[in-house]
Amino acid sequence: MAPTACGIKCTARFLECAMNLPALLDQIHTEAQALYGKGRVADYIPALGEVAPRQFGMAVALVNGGMHTVGDAQVPFSLQSITKLFTFVIALKLMGEELWQRVGREPSGAAFNSIVQLETENGIPRNPFINAGALVITDILTSRYAHLDYALLGALRRLADEPNLHWNPRVARSERETAHRNMAMAYFMKSHGNFQNEPELVLDNYCRQCATEMSCAQLAQATLFLANGGRDLALDGQPDELFLSAEQTRRVNALLLTCGAYDAAGDFAYRIGLPVKTGVGGGIVAVVPEVGTVAVWAPELDAKGNSVLGAFALERLVQLTGWGHTTL
Ligand code: GLN
């Protein structure tokens, strides 16, 4: 056991954190603030446009139980597309490999809400992390759960060890009232036989799902199983519980690396090199296999709908820690 600057006793497996993480996070927080004003808060969902732009939070959860935070890391924000990661994992647990008959696993190279590929690819979306693919996943889960919002919140509450998670009804309603493009995609997929339920019902569930709120600290904790071979870290000294098989966890991380940032997935892989999932609420979660997870939130987005400060912060973190340099 080697004592580290962050105060956690680390085994050799955790040597990556033998550094002063709190000081690194402070440094990144300071540097990131220079980027305020370089992006724009999403406003195509009217309620998201009301979020104060100059906010920044970051949380690192380690598989040895450590947690480090900076800035607004305890402030709940709208997860939006980050929920696609969790609904996909739930669907994968339910359906296994059969899932791939309904959705592909290739990067789309197109905007997250693009509709064009659906026409040439017969209503089968490229991957589960763009809107069309996530709608298919929500359709699958709508067939399975009478109350999908409770199923998702239940999984998140368990993973985050946090009983008070919820979705924001105002944000859900605001998205639902303006969900014309997502509705068009749902109907288009239904015309191809790739949608089992009524699009209206699936859109209700999808908009609730996207309106789920978590803080960076909660989100980092909830995704820790992806850094821990699928095991949900038990914080009470009990043995870790297997949430997802090691094999499926490896596959989820591969998809996050190739498809987790829409048409910026290549740029994210180049700059950050970790499995990530982004959302238009300004959140990003990243997985450092065998080390931990990082959640970052800053609402100002670039042209592709990814957090400007969030991407910068992750890029700096991997530069400063060397995380990910040996995991690919
Ligand atoms: N709810 C959003 C939408 O469907 C999610 C998009 C995102 O976060 N990229 O447009």
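Attention in this report is confined to the structure presented alongside it.

About the thresholds
Residues numbered from 1 in each chain as written. Predicted model: local features only at pLDDT ≥ 70, side-chain atom pairs only at ≥ 80, totals over all residues. Heavy atoms only, no water. Buried < 20%, exposed > 50% of the residue type's maximum accessible area, 1.4 Å probe, protein only. Helix = DSSP H or I, 4+ residues; strand = E, 2+ residues; numbered from the N terminus. Pairing = 2+ DSSP bridges. Axes fitted to C-alpha atoms, helices over the stretch in contact; angles between N-to-C directions. Parallel < 35°, antiparallel > 145°, perpendicular 65-115°, else oblique. Left-handed = near helix turned anticlockwise from the far one by under 90°. Contact = heavy atoms within 4.5 Å. Nonpolar A, V, L, I, M, F, W, Y, C, P; charged D, E, K, R; others polar. Near = heavy atom within 4 Å. Polar contact = N/O pair within 3.5 Å; in protein donor to acceptor, adjacent residues only side chain to side chain. Areas by Shrake-Rupley, 256 points an atom, 1.4 Å probe, with all protein chains shown as cover. Core = buried A, V, L, I, M, F, W, Y, C linked by side-chain atoms within 4.5 Å.

What to know about the pairing of strand β13 (residues 292–297)
- For β13, the tally of buried residues reaches six of six residues, placing the bulk of the element in the interior.
- In the sheet, strand β4 (residues 57–62) pairs with β13 via six bridges, with the strands oriented antiparallel. Across the sheet, residue V60 finds its bridge partner in β13, namely V294.
- As defined by bridge partners, strand β12 (residues 283–288) adjoins β13 across six bridges and the pair is classed as antiparallel. In the sheet register, V287 faces β13, and the bridge partner there is T293.
- Between β12 and β13, which pair antiparallel in sequence order, lie three residues; one of them, E290, sits at a positive phi of approximately 70 degrees.

What to know about the packing of helix α7 (residues 180–191) against helix α8 (residues 199–210)
- One way to put it is that α7 packs onto α8 with a least axis distance of 10 Å and a crossing angle of 135 degrees. By the angle between their directions, the pair α7 and α8 is classed as oblique. The crossing of α7 and α8 is right-handed. Contacts between α7 and α8 involve N182, M183, A186, Y187 and K190 from the first element and P199, E200, L203 and Y206 from the second.
- Looking at the contact of α7 with α8 residue by residue, the classes come out as six nonpolar, one polar and two charged.

A word on the site of the ligand
- Near the ligand you find 13 residues, and of these Y44, Q80, S81, Y206 and Y262 are the closest.
- In this structure, Y44 approaches the ligand through a side-chain N or O atom, which is 2.5 Å from an oxygen atom.
- Across the complex, the protein chains shield 99% of the 300 Å² of accessible surface that the ligand would expose by itself.

Remarks on the sheet that holds strand β6 (residues 77–78)
- If you trace the three strands from one edge of the open sheet to the other, you get β6-β8-β7, paired in antiparallel fashion. At either end of the open sheet lies a strand with only one pairing partner, and these are β6 and β7 (166–167).
- Relative to strand β8 (residues 212–214), β7 runs antiparallel, the two sharing two bridges. Each bridged residue has a counterpart across the sheet, and for W167 the counterpart in β8 is T212.

Considerations on the nonpolar core
- Counting residues in each nonpolar core, the largest one holds 66 residues, and the members touching the most others are F86, F88, L219 and V252.
- At eight residues, the largest contribution of residues to this core is made by helix α2 (residues 82–95).
- Setting aside residues no more than four positions away along its own chain, L219 makes contact with F77, L79, I82, F86, M214, V285 and A295.
- Residues V291, V308, L314 and L317 belong to the second largest nonpolar core, which totals 35 residues.

Some details on the sheet that holds β12
- The five strands lie next to each other as β5-β4-β13-β12-β11, forming an open sheet whose pairing is antiparallel. Unpaired on one side and paired on the other, β5 (67–71) and β11 (276–278) mark the two borders of the sheet. Looking at each pair of strands side by side, their axes are set apart by 10 degrees on average, direction ignored.
- Along the sheet, helix α1 (residues 21–32) makes contact with β4 and β5, crossing β5 at roughly 25 degrees.

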